[in-house]
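# Structural overview for review
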Amino acid sequence: MSVGWGIMGTGNFAGAAAAPAIAALGDAGRLVAAVSRDRARADAFAAKHGAARAYTAYEDLLADPEVQVVYISTPNAQHAEQAVAAARAGKHVLCEKPLALTVADARRVVDAFARARLRLGTHFQTRHHTAFAETKRLLDERAIGDVILVQIEVSPGDAPLRGWRTDPALAGLGAINNIAVHAYDLLRYLLGAEVGEVTALTEVGRTPALERMVLALLRFHTGVLAYVNANQNVPYYQPDIAIYGTRGRIVGIDCTRPFRDGELRVLTESGERVAKHSSRDAVVRSVAAFNDAVVHGREPNASGLDGLRNVQLTDAVIASAREGRLVQVAS
Ligand SMILES: NC(=O)c1ccc[n+]([C@@H]2O[C@H](COP(=O)([O-])OP(=O)(O)OC[C@H]3O[C@@H](n4cnc5c(N)ncnc54)[C@H](OP(=O)(O)O)[C@@H]3O)[C@@H](O)[C@H]2O)c1
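What counts and what doesn't
- Residues numbered from 1 in each chain as written.
- Predicted model: local features only at pLDDT ≥ 70, side-chain atom pairs only at ≥ 80, totals over all residues.
- Heavy atoms only, no water.
- Domains from an automatic or database assignment.
- Contact = heavy atoms within 4.5 Å.
- Buried area = accessible area lost by both parts, 1.4 Å probe.
- Salt bridge = Lys/Arg side-chain N within 4 Å of Asp/Glu carboxyl O.
- Polar contact = N/O pair within 3.5 Å; in protein donor to acceptor, adjacent residues only side chain to side chain.
- Helix = DSSP H or I, 4+ residues; strand = E, 2+ residues; numbered from the N terminus.
- Pairing = 2+ DSSP bridges.
- Axes fitted to C-alpha atoms, helices over the stretch in contact; angles between N-to-C directions.
- Near = heavy atom within 4 Å.
- Nonpolar A, V, L, I, M, F, W, Y, C, P; charged D, E, K, R; others polar.

As a further point, take the domain arrangement of the protein chain. Parsing the protein chain into structural domains produces domain 1 (3-124 + 285-300) and domain 2 (126-280 + 311-328). Taking the mean C-alpha position of each, domain 1 and domain 2 sit 26 Å from one another. With 20 residues of domain 1 at the interface, the matching set in domain 2 holds 18 residues. A buried area of about 1500 Å², summed over both sides, lies between domain 1 and domain 2, and 66% of it is on carbon and sulfur atoms. Of all residues in domain 1, the largest losses of buried area upon contact with domain 2 belong to K97, V103 and F124, amounting jointly to 37% of the total for that side. Put simply, domain 1 and domain 2 have zero salt bridges between them. At the junction of domain 1 with domain 2, the criterion picks out seven residue pairs in polar contact (both at pLDDT 80 or more). Looking at the side of domain 1 that touches domain 2, the elements with two or more residues in it are α1 (12-23), α5 (103-116) and α9 (282-296).

Quick look at the structure:
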């Protein structure tokens, strides 16, 4: 079975990462159509990525009977409405992060897909980095004992906010929605647990300005503590993670951001093992996993519920930073 994909939003990530990942599906899937607000951009994108049809109205993409999956890659504020419209049109959706800007909207999206019995995925491709597939396996078999503490850094270097990301109405948040969400999701995934409470600081303090740096301390229900530093205002990449267990440690260097080559260092009683890993194909793996979930009627990794949990967590992070208090995470 070849799954037909349609792309909403012909921007950077769709062109550089998602469309090539759909092309890499081979016989399992293909790009059928793309939609842009602009005729020339729609045609150019479709021609470049081998889509048969190019639309300028989002409803036309949703009415295309050959499109089974819609990949949503538009500004953050549009995700919820577009996803609900896709569910109404009978399409599965792989939605870029964040799933929505508010908890109520994220819940509405999840409910719409549950009612329609369609697959909803949130695009947290870091889960599909081979370094983290290996880390998850090691943690699940308790190779480093019980996890006590995690430190994670996600920085793409100095990256000023540009375009729609400068508009709070379209972006919602700054570095939190741009990059921190991947780290929050990765921690939930690796630890298999939810966050109970959060305390956070941003460089813009208690103002509503869009942040480029956010430090969060998380306490999971299991008792594990985590420190997450997501920033886009330091000069160099810093995409590392350290997971401390009662019997060992896992350190990932250059692992928490896409399109990097890095390594995983696993330290246990039997010594240190170092393995090279690359996140260059994480998007390919993640799109293939969603395609597979559609074909086999499985819950995607990451799911819509993961998207909702992430919005609940980011809500708590920004409330803590803006109100200067420890915040319990709703669930
Ligand atoms: N998973 C990841 O690692 C990752 C990485 C980067 C981005 N993302 C997510 O992907 C989404 C797109 O990000 P991007 O970096 O690709 O952004 P982008 O390059 O600006 O692309 C967004 C596209 O959305 C369409 N659009 C519709 N209404 C728009 C509006 N009012 N203003 C601007 N564009 C509008 C535009 O396509 P047309 O002009 O053709 O209509 C635009 O090219 C975001 O939700 C972002 O969070 C995820």
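Having seen the model, we can carry on.
Turning next to the sheet that holds strand β7 (residues 147-154). Within the open sheet, the nine strands sit side by side as β14-β13-β12-β11-β7-β10-β9-β8-β15. Their pairing is mixed. Each edge of the open sheet is held by one strand with a lone partner, namely β14 (271-278) and β15 (327-328). Two elements, strand β12 (residues 248-253) and strand β13 (residues 261-268), share five bridges in a ladder whose sense is antiparallel. Opposite G252, over in β13, you have L264 as the bridge partner. In the packing of helix α6 (residues 130-140) onto the sheet, the strands contacted are β7, β11 (241-245), β12, β13 and β14, and the crossing angle to β14 comes to about 145°. The sheet contacts of helix α8 (residues 175-191) involve β7, β9 (213-220), β10 (225-231) and β11, and relative to β9 the element is tilted by about 20°.

Right, let's talk about the site of the ligand for a bit. Within the structure, the ligand sits among 22 residues, and T10, N12, S36, R41 and W164 are positioned closest to it. In the model, an oxygen atom of the ligand is placed 2.4 Å from a nitrogen or oxygen of the T10 side chain. Between an oxygen atom of the ligand and a main-chain N or O atom of T74, the distance comes to 3.1 Å. Counted by class, the shell around the ligand contains four nonpolar, 13 polar and five charged residues. Two domains each provide a minimum of three residues to the shell around the ligand, namely domain 1 (3-124 + 285-300) and domain 2 (126-280 + 311-328).

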